[in-house]
Amino acid sequence: MSTYQRIVLASRPTAEVQADNFRLETADIPAITDGHLLVRNQFLSLDPYMRGRMSVNKSYAAPQALNETMIGGTVGVVLESKHPKFTAGDTVVGTLGWAEVAVSDGTMLRKVDTTHIPASAYLGAVGMPGMTAWYGLNQIMAPKAGETVVVSAASGAVGSVVGQLAKLKGCRVVGIAGGAEKCAYVVDELGFDACVDYKAGNLQADLAEATPDGIDAIYENVGGAIFDAALARTNAFGRVAVCGWIAGYNGEPTPLDNARFILTNRLSVRGFIVSEHPELWPQGLAELGGLVATGKLKFRESVADGLASAPDAFIGLLKGHNFGKQLVKLG
Ligand SMILES: NC(=O)c1ccc[n+]([C@@H]2O[C@H](COP(=O)([O-])OP(=O)(O)OC[C@H]3O[C@@H](n4cnc5c(N)ncnc54)[C@H](OP(=O)(O)O)[C@@H]3O)[C@@H](O)[C@H]2O)c1
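Residues numbered from 1 in each chain as written. Predicted model: local features only at pLDDT ≥ 70, side-chain atom pairs only at ≥ 80, totals over all residues. Heavy atoms only, no water.

### Quick look at the site of the ligand
Taken together, the neighbourhood of the ligand is formed by 27 residues, with Val158, Lys182, Tyr198, Tyr249 and Asn322 sitting nearest. The side chain of Tyr249 places a nitrogen or oxygen atom 2.7 Å from an oxygen atom of the ligand. Contact with the protein chains covers 91% of the free accessible surface of the ligand, which is 910 Å². Of all the secondary structure elements, the ones that give two or more residues to the shell around the ligand are helix H2 (128-141) and helix H3 (157-168). When its residues are assigned to classes, the shell around the ligand shows 18 nonpolar, eight polar and one charged. (Near = heavy atom within 4 Å. Polar contact = N/O pair within 3.5 Å; in protein donor to acceptor, adjacent residues only side chain to side chain. Areas by Shrake-Rupley, 256 points an atom, 1.4 Å probe, with all protein chains shown as cover. Helix = DSSP H or I, 4+ residues; strand = E, 2+ residues; numbered from the N terminus. Nonpolar A, V, L, I, M, F, W, Y, C, P; charged D, E, K, R; others polar.)

### Examining the pattern of salt bridges
Summed over the entire model, instances satisfying the criterion amount to seven salt bridges. Across the pair Glu25 and Arg23 runs a salt bridge, and its minimum N-O distance is 3.0 Å. What emerges from the salt-bridge pattern is a single network uniting Arg6, Arg23 and Glu25. (Salt bridge = Lys/Arg side-chain N within 4 Å of Asp/Glu carboxyl O.)

### Brief notes about unusual backbone geometry
One non-glycine residue with positive phi stands out, namely Met108, at about 60°. Assessed through its relative accessible area of 73%, Met108 is described here as exposed. The phi dihedral of Arg266 falls on the positive side, at around 50°, and the residue is not glycine. For Arg266, the position within the fold is in the loop between helix H7 (260-264) and strand S13 (268-271). On the basis of relative accessibility, which here comes to 43%, the residue Arg266 falls in the partly exposed class. (Buried < 20%, exposed > 50% of the residue type's maximum accessible area, 1.4 Å probe, protein only.)

### Side note on the sheet that holds strand S11 (residues 215-220)
Across the sheet, six strands lie side by side as S10-S9-S8-S11-S12-S13; this open sheet has parallel pairing. Looking at the sheet topology across the chains shown, the edges are occupied by strand S10 (194-197) and S13. Each adjacent strand pair in this sheet contributes to an overall mean axis angle of 15°, direction not counted. Bridge count for strand S8 (residues 148-152) against strand S9 (residues 172-177) is five bridges, and the pairing is parallel. (Pairing = 2+ DSSP bridges. Axes fitted to C-alpha atoms, helices over the stretch in contact; angles between N-to-C directions.)

### Description of the packing of aromatic side chains
For the coordinates displayed, the defined rule picks out seven aromatic pairs. Feature note: the residues Phe22, Trp98 and Phe314 constitute an aromatic cluster, connected by ring pairs. Here the basic side chain of Arg266 rests over the ring of Phe237, its NZ or CZ set 4.7 Å away from the ring centre. Directly above the aromatic system of Phe323 lies the positively charged group of Arg300, at a separation of 3.6 Å from the ring centroid. (Phe/Tyr/Trp six-rings, centres within 6.5 Å; stacked < 30°, edge-to-face > 60°. Lys NZ or Arg CZ within 6 Å of the ring centre and 35° of its normal.)

### A word on helix H6 (residues 224-231)
Burial analysis of H6 places seven of its eight residues in the buried class, the great majority of the element. All of the buried residues along H6 are Gly224, Ile226, Phe227, Asp228, Ala229, Ala230 and Leu231. Against the buried residues of H6 lie S8, S9, helix H5 (203-210), S11, strand S12 (234-242) and H7. (Contact = heavy atoms within 4.5 Å.)

### With respect to the environment of Lys85
Relative to the helices and strands, Lys85 is located in the loop between strand S4 (74-81) and strand S5 (91-94). With relative accessibility at 59%, the residue Lys85 sits in the exposed group. Dropping the residues within four chain positions of it, Lys85 is found in contact with Asp90 and Lys111.

### Structural notes on the environment of Ile246
Residue position: Ile246 is located in the loop between S12 and H7. Judged by its relative accessible area of 25%, Ile246 is partly exposed. In sequence terms Ile246 and His83 are 163 residues apart; their C-alpha atoms lie 39 Å from each other. Residues within four places of Ile246 in sequence aside, it is in contact with Pro48, Asn221, Val222, Leu317 and Leu318.

### Regarding the side chain of Glu100
With respect to the helices and strands, the residue Glu100 is situated in the loop between S5 and strand S6 (101-104). Buried Glu100, no salt bridge; nearest opposite-charge side chain is Arg40, N-O distance 4.8 Å. Separated by 2.7 Å, the side chain of Glu100 and the backbone nitrogen of Gln5 make a polar contact. If we skip the residues at most four places from it in the chain, Glu100 touches Tyr4, Gln5, Val39, Arg40, Asn41 and Leu307. (Lys, Arg positive; Asp, Glu negative; His and termini not counted.)

Quick look at the structure:
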């Protein structure tokens, strides 16, 4: 193998992402120099944050450069190493981008053990999405046993972990998800107490029925009408972890009619970016890894096949076509 494929950002979307915003390229595999290693990526993670990086709008991170390999989390195997900390055959997790092969200097790359945890889970429940769930739940919502917790995008990579961790704390957990199949999975497989299908058309009434004692803490992944419905059910001194706002990532308006409940219910509302809290990752990932390895934390994956399928899979993720953590299998 002397060449590999990668996907670069070809142009910036103006609203919904289009397939031609990306370009598939073939490149030569470079020779590695001292202090570097060559990795064959096995799985690429597709994540909603990538939509933000494709635009030049002000955000918490710099935009993705045009004509450069798209940013993305990866898990793969070291093919060749001239780096003292890595050996050929190691499984490594990092951010090596939408590429079959990548050279790394070891920065932000870590070796992982796949004995009890499958490699792909290091991009999901035992990776950035799991850590995001852990942070928002433990550091912001801090729910007590018996409290009611609501999580949107409940069947997804982050939401599914939030709900299961909250159940382990003894909370009443209510998910919100799109469609009967996702809701059935959230209740039957993940053990949530209830799940509201926001596509069924009775969001406010269905959420009221599922939260008879009101809502003590919200884990918000979506924003807009879904968040608005949850705000109207909050109890006094409720907590809100604002993790994502996917309903507005393409620039759609996402007005809130019920924001007054932040005042009248004296809510604590806090946004966060998980990458800004690296000091907590070892603790969080150790807990999540233990739970996955012992079968106490379940996860589901949508796996697209081959790098060329990544643009369509990513476009689908932003429309809810994924069911669980969206991955692309590369090798
Ligand atoms: N703050 C942070 O540091 C951080 C880190 C990671 C992720 N996040 C955020 O967490 C959220 C979940 O991310 P994830 O990786 O776990 O993705 P995911 O939930 O696995 O997939 C995205 C899901 O969002 C829902 N969705 C998509 N478009 C929607 C729309 N217009 N309206 C309502 N729902 C929509 C879909 O579920 P349904 O079919 O159920 O609608 C879709 O399956 C995202 O908002 C992401 O940006 C934040």
